[in-house]
Structure formats: structure tokens, C-alpha cells
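Below are the chains, spelled out letter by letter.
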Amino acid sequence: MRASVPPRRSHMIALSITDHIAVLTLNRPAARNAMRIADWDDLAAAIRDLSPVVRALVLHGGDSFCAGADLRELETLRDDPAMRPRFRLAMASAIEGLAACPVPVIAAIGGGCYGAGVALAIAADMRIASPDAVFATTPARLGIGYPATDVARLAQRVGQGNAARMLFAAQPIAAAEALRIGLVEQLADDPLAAAQSLCRTIAANAPAAVRLLKRVLRHPADPGHDAAFDARFGTAAFAEGLAAFARKRKPDFP
């Protein structure tokens, strides 16, 4: 069944949904997709308001994934202490909203991925990068820090030693190195097309089962997982999966 929703635009954030796959595009190429407070707000809202028809989500930024927070706006925080928590909370709302998204999220990364852009990318479940992609966590160059949650997520992704190297040295690393240390899972000449292809494979599986599996990956200690595992055997999706397997056909999950 083909479900298509017209593209939505709000500031630099564009959202389109086709065949149960959502594509969120960062669309401020002149600034290499540097994020202002309003952009973080819009991204958080787009993720929060995703249609229930969505089974997988791609986040990408075209030729340049994300240059991080907008430096012109960051400069204003020097003389405006009241705006500092506003900036931090807006950024966290978008990044943590992406991490908490109930459906699988793939970051399709081309070009530069810097600063908060790295935090955004590692909040996704998977990352596919172009061979020319470049990554850097640069707060030390600016004399500032990195949110604690993002530091912890980076260390979990690449190990504490590699996280320390990236944060302390603030030097760029190439896509091949990012793949080696586990910052990305795949390289592709067209990361958006590769991400969409993987999303189509994911979307063909039972949506509720995929959401459950994502919850287990994200929160393995949740005591409710055993009951949820048992309950899946009584679902129509399981019955359809068995019938499709027996008849050697593709399942048609509701």
C-alpha cells in the first residue's frame, strides 16, 4: 500500500513521507546546515509529530550533513546568559527526540559533520556516510564543552579512547577512519539512496515487532521486555509471518 504525504517545510527542516518512509532534510546549504535555536525547535517538532504511518526515518543534509550549531548565534551567548540554557535545551530536545524516535532512524551523511552535527548523527540507530564525509567534534577549539549525554553517547559508540581523541584534539577524521572506529556502519557513494533502500527493507517487516526490537536495543534493562516478548506470539503479525513463511510468499503486515 502506498502512503504519500506532501512535503512539509518549516524554516530549514523539510519532511516528506512516502511508502511508510519519512525523510527529514536539513535544508540550509548556504550555511552548511548550521543549526540555529529555531532550527533545533523545528527539528524536535518534526520528529515529535511524525505520522503513525511511518515505519522508518532517514535524516540527511544533502551535500553537507550538518556544520553543528550556528556560530553567529553562539556568539550572542557570550553576553546573554539567559539564552544559554535556552540554546542547550533546544538542542537537547531535537537530539534526544531523535534518539527516542520509536521507529528506526538512519543518518545519511555526506560532506561535513561537525560539532553538534556529530551528536545528531550518533543519536540515530545507524549511520551511512559518503566516502568523502568528514567528522569532527570541535568544542575544545571554541573553548566550550559538549553536553554530557552527547559525550556519553559518543563514548558508547566509538569507545572512551576514541571519544577522548575526537573531543580533546578536535581534529577531523575521514570517513574510512569513522568506519574503522564504529562511528558509522557503512560507506556508500549515495548515502541517501542506500539509507532509503535499507528503510524499505525495514518497512517490509512487522512494524510493532521492529519498534519492540528498537526498545530492547535502547533500553535492555526494561523489566517489561519479557512480557512484550511473550505477547508477540499471540498477535496477528505473528500469524501472518507464519503463513507467509509456509507459503513462501512475502508477508503483508498491517
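Structure: see above.
Here is a short report on the structure shown in this document. (Residues numbered from 1 in each chain as written. Predicted model: local features only at pLDDT ≥ 70, side-chain atom pairs only at ≥ 80, totals over all residues. Heavy atoms only, no water.)

**Some words on the packing of aromatic side chains**
Scanning all chains against the criterion turns up 2 aromatic pairs. For the pair F233 and F238, a centre-to-centre distance of 5.4 Å together with 85° between the ring planes defines the contact as edge-to-face. Relative accessible area serves as the criterion here: at 33%, F238 is assigned to the partly exposed category. Taken together through their ring pairs, the aromatic side chains of F229, F233 and F238 make up a single cluster. (Phe/Tyr/Trp six-rings, centres within 6.5 Å; stacked < 30°, edge-to-face > 60°. Buried < 20%, exposed > 50% of the residue type's maximum accessible area, 1.4 Å probe, protein only.)

**Quick notes on the sheet that holds strand β8 (residues 134–136)**
Here 3 strands make up an open sheet; going across it, the order is β6-β8-β9 and the pairing mixed. Edge positions in the sheet fall to β6 (112–114) and β9 (173–174), since each has one partner strand and no second. Where β6 meets β8, 3 bridges bridge the pair, whose relative direction is parallel. In the strand pairing of β8, C113 is matched with F135. (Pairing = 2+ DSSP bridges. Helix = DSSP H or I, 4+ residues; strand = E, 2+ residues; numbered from the N terminus.)

**A look at a nonpolar patch on the surface**
On the surface, F229, F233, F238 and L242 cluster together into a nonpolar patch covering about 410 Å² of accessible area. Of note, F229 is situated in helix α11 (residues 225–231). On the accessibility criterion, F229 (51% relative accessible area) is exposed. (Patch = residues over 30% accessible without salt bridge, like charges linked within 9 Å, V, L, I, M, F, W, Y side chains within 5 Å. Areas by Shrake-Rupley, 256 points an atom, 1.4 Å probe, with all protein chains shown as cover. Salt bridge = Lys/Arg side-chain N within 4 Å of Asp/Glu carboxyl O.)

**A few points about helix α7 (residues 160–169)**
Here α7 has its buried residues at N162, A163, M166 and L167. With its buried residues spanning 125° around the axis, α7 presents them on a single face. α7 presents Q160, G161 and F168 as exposed residues on the side facing more than 90 degrees away from its buried surface. Check the buried side of α7 and you find it contacts α5 (139–142), α6 (148–158), β9 and α8 (175–181). Directly after α7, the chain includes A170, whose backbone phi takes a positive value near 55°. (Arc of directions from axis to C-beta. Contact = heavy atoms within 4.5 Å.)

**Points about empty space enclosed by the protein**
Tallying each qualifying case throughout the model produces 1 cavity of 30 Å³ or more. Around the largest cavity, the lining residues are R55, V103, P104, I202, A203, P207, V210 and R211. Sorting the residues of the lining of the largest cavity by element identifies α9 (191–203) and α10 (207–218) as the ones contributing at least two each. Taken together, the residues that form the lining of the largest cavity break down as 6 nonpolar, no polar and 2 charged. (1 Å grid on protein atoms, 1.4 Å probe; cavity = no way out; pocket = protein on both sides within 12 Å on 5 of 7 lines; lining within 4 Å. Points joined across faces, edges and corners; volume = space filled by probe spheres on them. Nonpolar A, V, L, I, M, F, W, Y, C, P; charged D, E, K, R; others polar.)

**Looking at the packing of helix α3 (residues 83–100) against α6**
Between two packed helices, both the angle of their axes relative to each other and the distance between the axes serve to describe the pair. Relative to each other, α3 and α6 sit at 40°, their axes nearing to 11 Å. Regarding the angle of α3 to α6, the classification is oblique. Judged by the twist between their axes, the crossing of α3 over α6 is left-handed. Residue-level inspection shows I95, E96 and A99 of α3 in contact with α6, the latter providing T149, D150 and R153. The residue inventory of the contact of α3 with α6, partitioned by class, reads 2 nonpolar, 1 polar and 3 charged. (Axes fitted to C-alpha atoms, helices over the stretch in contact; angles between N-to-C directions. Parallel < 35°, antiparallel > 145°, perpendicular 65-115°, else oblique. Left-handed = near helix turned anticlockwise from the far one by under 90°.)

**Thoughts on the nonpolar core**
Membership of the largest hydrophobic core comes to 59 residues, with the highest contact counts inside it found for W40, F135 and L183. The biggest single contributor to this core is α3, with 7 residues. Ignoring sequence-local partners within four residues, the contact set of W40 consists of M35, F87, A90, M91, A94, I95, A116 and L120. (Core = buried A, V, L, I, M, F, W, Y, C linked by side-chain atoms within 4.5 Å.)

The quantities given are spatial measurements derived from coordinates; they are silent on function.
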